[in-house]
Amino acid sequence: MLCLDHWIAGVRDHGSSDRAGTVYNPATGEASAEVPFAAAADVDRAVAAALNAFEGWSRTGLNKRATILFAFRELVRQNADDLARLIVREHGKVLADARGEVQRGLEVVEFACGIPQLLKGEFSENVSTGVDSYSLRQPLGVVAGVTPFNFPVMVPMWMFPIAVASGNSFVLKPSERDPSPSLLIAELWQKAGLPNGVFNVVHGDRVAVDRLLTHPDVAAVSFVGSTAVARHVYETGTRAGKRVQALGGAKNHMVVLPDADLELAADSAVNAAFGSAGQRCMAISVLVAVGDAADRLVPLVRERMRAIHVGDGMRPNVDMGPLVTKQHLERVTRYVAEGVDAGATLVADGRDVERNGDGFFLGPCLFDHVRPEMSIYRDEIFGPVLSVVRASTYDEAVELVNASPYANGVALFTSDGGAARRFQTEIQVGMVGINVPIPVPMAYYSFGGWKDSLFGDAHVHGMEGVKFYTRAKVASRGKNLGFPA
Ligand code: NAD
């Protein structure tokens, strides 16, 4: 079996701990690799390597940094297919989806290539007689990223391209369930000419994360994952004096008004609920059908679900792959049973999907007549389970969405421009789609939810990313300066 390593100071490093995890191919259920779990001492070595590299890297000219970013961008593009195949093998999503993930990550690299422009400060001449004032943005030092399993390339790329371009050095702790793409990324950075130690990878679990959160030489932590861990990361990191952005879980609603184009709404709901087997933080998991919309919408959704072909994501013509692990499959299947027990109507039961071998497959599931007190409504299931809740009015639908502790993404389907405007103002959610089911911001905007979907005040990438990874300074310069010849 393949034995993975950490990547510290530009070399593979097996670390000092004897703890390790097993990586599976979710489509076959077979173990494919062993991943070492870092001890605190391994994290310390990675942070020391990053700190050592920071001084030289932060002083490297902006043009030179941008040149390395452009080279890295080109290498990711050339290796996109290899990255996508690694994603499919360890995560399970279908190849086209994995290619899309690499592309979305690449867009943040392209945004970061503009770092000379993004870091420009302001200048005010003669704020007082003979005195000028100007602002600078400077890197923080060593920053860390802790990332989830569901986008093993894109989510780390929300973070490190901007952090590194801004002059920081970076320690990535990727998910232990699909750790391989991060090692290929580290090699590509090295080929692009990034000095050793600026980008490091440590694998592991809570031991590694907690050491990063309390290490005195780590200045900031970016986290993406479930709400419980996001809260822990935020509280522990900020208590240790660090800057922390911690993006948490989600339970995204799609509100469908009776005047909506229901064919479009059904297509969108099916794609957004079952793409990547529902393992997306922007997946739609609740359809809120207003008025008489439900009676017309549910059959349209059901009809489209019949066409979803479940199987190994490497195979052509497969629309939906397996869940990431056996434990996760069991957890999601338990929720389906709980929904039935609670009295919701199971319109489509994915538990009877045809299974080949020991892959972690569950077919798409659809519940109707779901009520807010049911666990399938309240909890983030993170699987291919779509719940329909019936609301009598627009106001009742908005009240339902606003009462949810999660507030990552939301969508409204309508043909009424007035309702659309009202909705974008009234809804208490960080990312809003109008007739768009997955409103993921482009790299030059910032991504993040509200409430329990984000702890901290900085969203990721875009200008909020640049600000998160830099500190502002204002300088004033008076007269009588002697300039060197
Ligand atoms: P997770 O919270 O289990 O793990 C995320 C990271 O935290 C991993 O690197 C993991 O090793 C580490 N970790 C796990 N338990 C820990 C602990 N007790 N202490 C410290 N670190 C710990 O999340 P996951 O299952 O990998 O990913 C799915 C979750 O991520 C879902 O809840 C999903 O909504 C969320 N997510 C959110 C966004 C967003 O933008 N808000 C994006 C992607 C995924």
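Not measured: the values here are computed from a predicted model. (Residues numbered from 1 in each chain as written. Predicted model: local features only at pLDDT ≥ 70, side-chain atom pairs only at ≥ 80, totals over all residues. Heavy atoms only, no water.)

Some words on helix α2 (residues 62-78)
Here is step 1 of the chain: Taking 1.5 Å of rise per residue, 17 residues should cover 24 Å, and α2 covers 24 Å from first to last C-alpha, within 8% of that figure.
Here is step 2 of the chain: Turning to α2, its buried residues are R65, A66, I68, L69, F72, L75 and V76.
Here is step 3 of the chain: Considering only its buried residues, α2 is in contact with α1 (40-59), α3 (80-91), α4 (95-112), α5 (115-118), α6 (154-165) and α7 (180-192). (Helix = DSSP H or I, 4+ residues; strand = E, 2+ residues; numbered from the N terminus. Expected span 1.5 Å × (residues − 1). Buried < 20%, exposed > 50% of the residue type's maximum accessible area, 1.4 Å probe, protein only. Contact = heavy atoms within 4.5 Å.)

As for the environment of F54
Here is step 1 of the chain: Position of F54 relative to the elements: it lies in helix α1.
Here is step 2 of the chain: Judged by its relative accessible area of 17%, F54 falls in the buried class.
Here is step 3 of the chain: For the pair formed by F54 and L140, sequence separation is 86 residues and the distance between their alpha carbons is 9.5 Å.
Here is step 4 of the chain: Leaving out residues up to four positions away in the same chain, F54 has contacts with P139, L140, G141, G167, N168 and S169.

Side note on helix α10 (residues 262-274)
Here is step 1 of the chain: Across its 13 residues, α10 extends 18 Å between first and last C-alpha, which sits within 8% of the 18 Å expected from 1.5 Å per residue.
Here is step 2 of the chain: Among the residues making up α10, those that are buried are L262, A265, A266, S268, A269, V270, A272, A273 and F274.
Here is step 3 of the chain: On its buried face, α10 sits against β13 (252-256), β14 (284-290), α11 (293-305), β16 (365-368), β17 (385-391) and β19 (409-413).
Here is step 4 of the chain: Put simply, D261 is the residue that caps the front of α10, since its side-chain oxygen is 3.2 Å from the backbone nitrogen of E263. (Polar contact = N/O pair within 3.5 Å; in protein donor to acceptor, adjacent residues only side chain to side chain.)

Let's talk about the pairing of β14
Here is step 1 of the chain: Most of β14 is tucked away: 7 of the 7 residues are buried.
Here is step 2 of the chain: Bridge count between β13 and β14: 5 bridges; the pairing is parallel. Directly across from H253, in β14, lies its bridge partner V286.
Here is step 3 of the chain: You can see the chain leave β13, run along α10 and come back into β14, and the turn it takes is right-handed.
Here is step 4 of the chain: With 5 bridges connecting them, β14 and β17 associate as parallel partners. Each bridged residue has a counterpart across the sheet, and for A289 the counterpart in β17 is R390. (Pairing = 2+ DSSP bridges. Right-handed = clockwise from strand over helix to strand, strands pointing away.)

Focus: the nonpolar core
Here is step 1 of the chain: Grouped together as the largest cluster of nonpolar side chains are 70 residues, with contacts concentrated most on F72, W158, F170, I185, W189 and F199.
Here is step 2 of the chain: Both domains that meet at this core, namely domain 1 (2-248 + 453-477) and domain 2 (252-434), each give it at least three residues.
Here is step 3 of the chain: With near-sequence residues (within four places) excluded, I185 lies in contact with F72, L83, V153, M157, F160 and F199. (Core = buried A, V, L, I, M, F, W, Y, C linked by side-chain atoms within 4.5 Å. Domains from an automatic or database assignment.)

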